2 protein chains.
Amino acid sequence: MAKKDGFVKQITSRDIDFAQWYTDVCLKAELCDYSSVKGCMIVRPLGTALWEGIQHAVDTQLKATGHQNVLMPMLIPESLLLKEAEHVEGFAPEVAWVTAGGDSELQERLAVRPTSEVMFCEHFKKIIHSHRDLPVLYNQWVSVVRWEKTTRPFLRTTEFFWHEGHTCHADYADADKEALSILDMYVDICENMLAIPVVSGVKSESEKFAGADKTYTNETLMYDGKALQITTSHHLGDNFGKAFEITYADKNGQEQFVNTTSWAITTRAIGGMIMVHSDDRGLVLPPRIAPTQVAIIPIAQHKEGVLDKAYELRDELKDKVTVMVDASEKQPGWKFSEAEMKGYPIRIEIGPKDIEAGEVIVVRRDTLEKTKMALDADLGTKLQTLLDEIHDNMLAKARERQNAKTRVAKTKEEFAELIKDGGFVIAPWSGSEEIEDLIKEETGASSRCLSFEYQDADLTGVKDLWNGEDAKYMMHWAKAY
Amino acid sequence: MAKKDGFVKQITSRDIDFAQWYTDVCLKAELCDYSSVKGCMIVRPLGTALWEGIQHAVDTQLKATGHQNVLMPMLIPESLLLKEAEHVEGFAPEVAWVTAGGDSELQERLAVRPTSEVMFCEHFKKIIHSHRDLPVLYNQWVSVVRWEKTTRPFLRTTEFFWHEGHTCHADYADADKEALSILDMYVDICENMLAIPVVSGVKSESEKFAGADKTYTNETLMYDGKALQITTSHHLGDNFGKAFEITYADKNGQEQFVNTTSWAITTRAIGGMIMVHSDDRGLVLPPRIAPTQVAIIPIAQHKEGVLDKAYELRDELKDKVTVMVDASEKQPGWKFSEAEMKGYPIRIEIGPKDIEAGEVIVVRRDTLEKTKMALDADLGTKLQTLLDEIHDNMLAKARERQNAKTRVAKTKEEFAELIKDGGFVIAPWSGSEEIEDLIKEETGASSRCLSFEYQDADLTGVKDLWNGEDAKYMMHWAKAY
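If you're wondering where the values come from, they're calculated on a predicted model, not measured in any experiment. (Residues numbered from 1 in each chain as written. Chains lettered and ligands numbered in written order. Predicted model: local features only at pLDDT ≥ 70, side-chain atom pairs only at ≥ 80, totals over all residues. Heavy atoms only, no water.)

Enquirer: I'd like to hear about the relation of the copies chain A and chain B, residue by residue, with values.
Expert: Rotating chain A by 180° about the axis while translating it 0.0 Å along that axis superimposes it on chain B, leaving an RMSD of 0.0 Å. The operation mapping one copy onto its partner corresponds to a two-fold rotation axis. The C-alpha atom lying nearest the rotation axis in chain A is that of A:V98; the distance is 2.1 Å. A shared binding surface is used by both copies, with 100% of the interface residues of chain A retained as interface residues in chain B. (Least-squares fit on C-alpha atoms with pLDDT ≥ 70 in both. Contact = heavy atoms within 4.5 Å.)

Here it is in structure tokens:
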């Protein structure tokens, strides 16, 4: 428990009970709250601001690369959902069904969308005719509902918020290029905004999206050593093109099926961000997504000039960093703890003595290191530099932990030991789904991805650790959220 | 039908069949499309960009005035919806009910939110304790579902997109101030962005929101003389405070109920914008919401230098206006018609002769007036000025039409005649709901609002036109969407 300079809200230590710690941070940093709807959360202002930060970054990048936003209905007729066989098989068990409107029973029940491939495809069929209509690059910002048995704030909720991209291309290669460039965009968002290092790669057949040809994924490790699929991008091949008869006339007038992709980042990424960076004092926000980067906390604010100076400082800084003054009627110690709980990347303490000395105390949230900085015209620039340092440090620390917890297993016994210890375990695999099931049963680990790093590895003479067959993949495995 | 310079997409004339004209514009300008879900529309890229324009303007103003965004679950347990009696009575007939999740029947059915007062109130009860917690100023951007029998793109759809603001205040006057200042914000958006003049006022008892104490409204007239409620802001009094037991300790430690407000702008506003401004050539977009303000159309684009010059012009203009080049393989006449259909406020025609003469042809969409402008460094600034002129002209034209169609009736016979002719009819009314029902039955008109202009009118000796009782209100009446 964090205790320092007065009152703190008590939270469980992450080394004692990680799950409880996580819930404590979500609730006490006021990111979210429970609602009376089982499995659905209320995203509070701080949580919503984080989601808006992700939205803004993704939306800007998508628009810059020619993607257009649309809005599809949230209700999907059952018959439409049934059109792509694998897809419906994957989603049917978790669909929420609308069966009545007002006082009338519906003739056909409607799914609250669990994902919108089928709605997009039905529309694509109407608007695509010629190769000149391609590619179509669409995206929407909505929420979806999947009936989950066990839920957790942000990580797995019955309703969650996401964007879903859906694109149509003339051929397989074009669609592949799109799916991969979107995966790269997510890497950029994860690393350069959320300070989360990822392993990029391809999912196994059994772990891929229902209806996909190939599922690309970015995987990352949480503080507790469990993996999280933080973003995915699916190459759907012509599966949906064929199921929905989306065709176009190519340059020679020949009718061809389109290839499609779909991809998403969800509110889950916020859960990942918490579990990678936060600590026993609460939330630690990466500076580039923090809605407020600097919290100014006045000391002895009743003394003449202190609050004025704090506001003056805020006004001087606000063009360089996002900044607020905590002028509430609480003791400074309480405010420090609150600032730590809410994860402001930098806190500035300013009191009568500091003002007299022409300086302030600057405390960074990631290391809790304190330094003095002169109250001069350079302060804003220095804070900007410090924010970049904090970002780099958070990313480096997470990467270091992830690297240390990524190990290659040489035997199935060693594999089981390493999985128990947490983290990614890399092991050669024949591709057998039976083995995949066996591993899950025996160790609780699932295949996370064939990372791009290992995609072209020379596996001559290397054998599957479990069945002794020739290994096809050096696969990343882990217990996962 | 518009026909000029080659091919145009045929649309019905608005003077011949306004309803068909409206649908034609929505579909042919590619604002939306039908979906396979009854009453739900697909909002296409142009329609979505318009909605994002409204979102951005509203969201910026809300944040500047201290409002915070949150995200509430879209599903509402039936028992929660039942808590405020009038509210549920108003909404129950149009609720879509989720009754199954995956393969299981739900124990309690869940409403797909028709509006979220009850979710917000349940949360408010948890987070509000003291007068120091007030006001709470929340907002969310979501969609809602209301089971409608007759639907029309944007104007009335089963699912529609909106923001919904929900605020809590210490007393009635604070809440009233909030509800009114939001109404003012909407006036600003309507007039200064959408170029739509509005009449602001208060709804009658029977027309107010289910559960409200007072409903403020902005009403406006469409081209066909029917009225549209384009935005509303509700003072809910302490109705929800009491129903949900949302209390706070005031400065004297006394427990008090909060007063709440709620308010919204919806995708309906886009429908209103179309019906106020557009014409037989298609969409006419007010410049401040047009996603692309200027369309550059090259003439004889195969000739050397034409396309290069068009792109050069675009690059020169793009810091001052939003601009695109239509370099598609179509005839200029076709492109002109398309530009008119899609409502770009300004079209620039540039061909070899223009380039030689160092000028371009500038066509404004609102009046279709053509002028020549020099291809020089001032062009961007001149276009900005022209865009402002276009905005002012569109607003003035709509206001003039609205004023001409706003008339005071002196007898009930005159009232009936004027209603038949369309527009607002102002008439003295006792406030009797029976009379209100009678008027609706006999003329099809509903009470739109008691406008602020007439709120303090001296009605001494003035009688209700229908029952001869003392008049309490000089009411605006109209047939409405």
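Enquirer: Kindly report on the UniProt feature "domain: Aminoacyl-transfer RNA synthetases class-II family profile" (unreviewed entry) in chain A, identifying the contributing residues and their values.
Expert: Feature annotation in UniProt assigns "domain: Aminoacyl-transfer RNA synthetases class-II family profile" (unreviewed entry) to the following positions: residues 47–286 of chain A. With 32% helix and 32% strand, residues 47–286 of chain A has end C-alpha atoms that lie 14 Å from one another. (UniProt positions renumbered as here; feature names shortened; annotations may be inferred. Helix = DSSP H or I, 4+ residues; strand = E, 2+ residues; numbered from the N terminus.)

Enquirer: Lay out the interface of chain A and chain B with the relevant residues and their values.
Expert: Listed as interface residues are 51 residues of chain A and, on the opposing side, 51 residues of chain B. Both faces combined, the contact of chain A with chain B buries some 4200 Å², and carbon together with sulfur accounts for 63% of it. The tally of links between chain A and chain B comes to 4 salt bridges. Residue A:K126 pairs with B:D33 through a salt bridge whose shortest N-O separation is 3.1 Å. Linking chain A with chain B are 23 residue pairs in polar contact (both at pLDDT 80 or more), by the criterion used here. Ranked by residue count, the leading element in the side of chain A that touches chain B is strand 5 (residues 96–101) of chain A, at 6 residues. Across the side of chain A that touches chain B, the residue classes tally to 32 nonpolar, 10 polar and 9 charged. The pairing of strand 5 of chain A with strand 5 (residues 96–101) of chain B spans 5 bridges and is classified as antiparallel. Within strand 5 of chain B, the position partnered with A:A96 by the bridge is B:G101. (Buried area = accessible area lost by both parts, 1.4 Å probe. Salt bridge = Lys/Arg side-chain N within 4 Å of Asp/Glu carboxyl O. Polar contact = N/O pair within 3.5 Å; in protein donor to acceptor, adjacent residues only side chain to side chain. Nonpolar A, V, L, I, M, F, W, Y, C, P; charged D, E, K, R; others polar. Pairing = 2+ DSSP bridges.)

Enquirer: I'd like a description of empty space enclosed by the protein, backed by residues and values.
Expert: All names here are of chain A. This structure, assessed with the given rule, holds 7 cavities of 30 Å³ or more. What the second largest cavity holds in volume is close to 70 Å³. Lining the second largest cavity we find V276, H277, V284, D366, M394, K397, A398 and R401. Among the residues forming the lining of the second largest cavity, the class breakdown is 4 nonpolar, 1 polar and 3 charged. (1 Å grid on protein atoms, 1.4 Å probe; cavity = no way out; pocket = protein on both sides within 12 Å on 5 of 7 lines; lining within 4 Å. Points joined across faces, edges and corners; volume = space filled by probe spheres on them.)

Enquirer: Talk me through the packing of helix 2 (residues 45–64) of chain A against helix 8 (residues 268–277) of chain A; I want residue IDs and the actual numbers.
Expert: All names here are of chain A. Closest axis-to-axis distance for the helix 2/helix 8 pair is 10 Å, and the angle between their directions is 110°. Judged by the angle between their axes, helix 2 and helix 8 are roughly perpendicular. Listed contacts from helix 8 to G47, L50, W51 and I54 of helix 2 are A269, I270 and M273. Split into classes, the residues belonging to the contact of helix 2 with helix 8 amount to 6 nonpolar, 1 polar and no charged. (Axes fitted to C-alpha atoms, helices over the stretch in contact; angles between N-to-C directions. Parallel < 35°, antiparallel > 145°, perpendicular 65-115°, else oblique.)

Enquirer: How would you sum up the nonpolar core? Please name residues and give values.
Expert: In this structure, A:V98, A:F124, A:I128, B:V98, B:F124 and B:I128 are the most contacted members of the largest nonpolar core, which totals 84 residues. Setting aside residues no more than four positions away along its own chain, A:I128 makes contact with A:D133, A:L134, A:V136, A:C168, A:I246, A:T247, A:Y248 and A:V258. (Core = buried A, V, L, I, M, F, W, Y, C linked by side-chain atoms within 4.5 Å. Buried < 20%, exposed > 50% of the residue type's maximum accessible area, 1.4 Å probe, protein only.)

Enquirer: How would you summarise the pairing of strand 10 (residues 214–221) of chain B if you had to cite specific residues and measurements?
Expert: Residues and elements named next belong to chain B. Counting buried positions over the 8 residues of strand 10 gives 7, a clear majority of the element. Strand direction decides the pairing type here: strand 9 (residues 199–202) and strand 10, joined by 4 bridges, are antiparallel. Paired with G201 across the two strands is T217, which belongs to strand 10. Bridge count between strand 10 and strand 11 (residues 227–235): 8 bridges; the pairing is antiparallel. From the neighbouring strand, L221 faces strand 11, where its bridge partner is A227.

Enquirer: So what's going on with the sheet that holds strand 11 (residues 227–235) of chain A? Which residues, and what values?
Expert: All names here are of chain A. Spatially, 11 strands are ordered 3-7-8-14-11-10-9-22-23-21-20 in an open sheet, and the strand pairing comes out mixed. Each having just a single partner strand, strand 3 (68–69) and strand 20 (406–408) make up the two edges of the open sheet. As defined by bridge partners, strand 7 (residues 136–145) adjoins strand 8 (residues 159–169) across 10 bridges and the pair is classed as antiparallel. What sits directly across from V142, in strand 8, is W162. Sheet strands touched by helix 5 (residues 117–127): strand 7, strand 8 and strand 14 (259–266). Its angle to strand 7, the strand with the most contacts, is close to 150°.

Enquirer: Summarise the sheet that holds strand 5 of chain B; cite the residues concerned and give the values.
Expert: Read across the open sheet, the 6 strands follow the order 4(A)-6(A)-5(A)-5(B)-6(B)-4(B); overall the sheet is antiparallel. Pairing within the sheet leaves two strands with one partner each, and these edge strands are strand 4 (75–77) of chain A together with strand 4 (75–77) of chain B. Between one strand axis and the next, the sheet turns by 45° as a mean value, whatever way the strands run. Alignment of strand 4 of chain A against strand 6 (residues 104–112) of chain A, held across 3 bridges, turns out to be antiparallel. If you follow A:L75 over to strand 6 of chain A, its bridge partner there is A:V112.

Enquirer: Give a detailed account of a negative patch on the surface, specifying residues and quantitative values.
Expert: A cluster of acidic side chains, namely A:E433, A:E434, A:D437, A:E441 and A:E442, defines a negative patch on the protein surface. Looking at the element boundaries, A:E433 is found in helix 14 (residues 433–443). (Patch = residues over 30% accessible without salt bridge, like charges linked within 9 Å, V, L, I, M, F, W, Y side chains within 5 Å. Areas by Shrake-Rupley, 256 points an atom, 1.4 Å probe, with all protein chains shown as cover. Lys, Arg positive; Asp, Glu negative; His and termini not counted. Charge placed at Lys NZ, Arg CZ, Asp CG, Glu CD.)

Enquirer: How would you summarise unusual backbone geometry if you had to cite specific residues and measurements?
Expert: Residues and elements named next belong to chain A. The omega torsion of the bond from L134 to P135 falls at -5°, within 30 degrees of zero and hence cis. Looking at the element boundaries, P135 is found in the loop between helix 5 and strand 7. Phi angles above zero are rare outside glycine, and E30 is one such case at about 60°. Topologically, E30 is positioned in the loop between helix 1 (18–28) and strand 1 (32–34).

Enquirer: Residues and numbers for the packing of aromatic side chains, please.
Expert: Applying the stated criterion to the full structure yields 28 aromatic pairs over all chains. A ring pair is formed by B:W429 and B:W477, whose centres lie 5.4 Å apart and whose planes are at 80°; its orientation type is edge-to-face. Placement of the pair is B:W429 in strand 21 (residues 424–429) and B:W477 in strand 23 (residues 473–478), with a sequence separation of 48 residues. Accessibility expressed as a relative area gives 3% for B:W429, which makes it buried. An aromatic cluster is present here, built from A:F415, A:W429, A:W466, A:Y473 and A:W477 joined pairwise through their rings. A cation over a ring is seen here: A:K226 above A:Y481, with NZ or CZ 4.4 Å from the ring centre. In this structure, B:R14 packs its charged tip against the face of B:Y223, placed 3.6 Å from the ring centre. (Phe/Tyr/Trp six-rings, centres within 6.5 Å; stacked < 30°, edge-to-face > 60°. Lys NZ or Arg CZ within 6 Å of the ring centre and 35° of its normal.)

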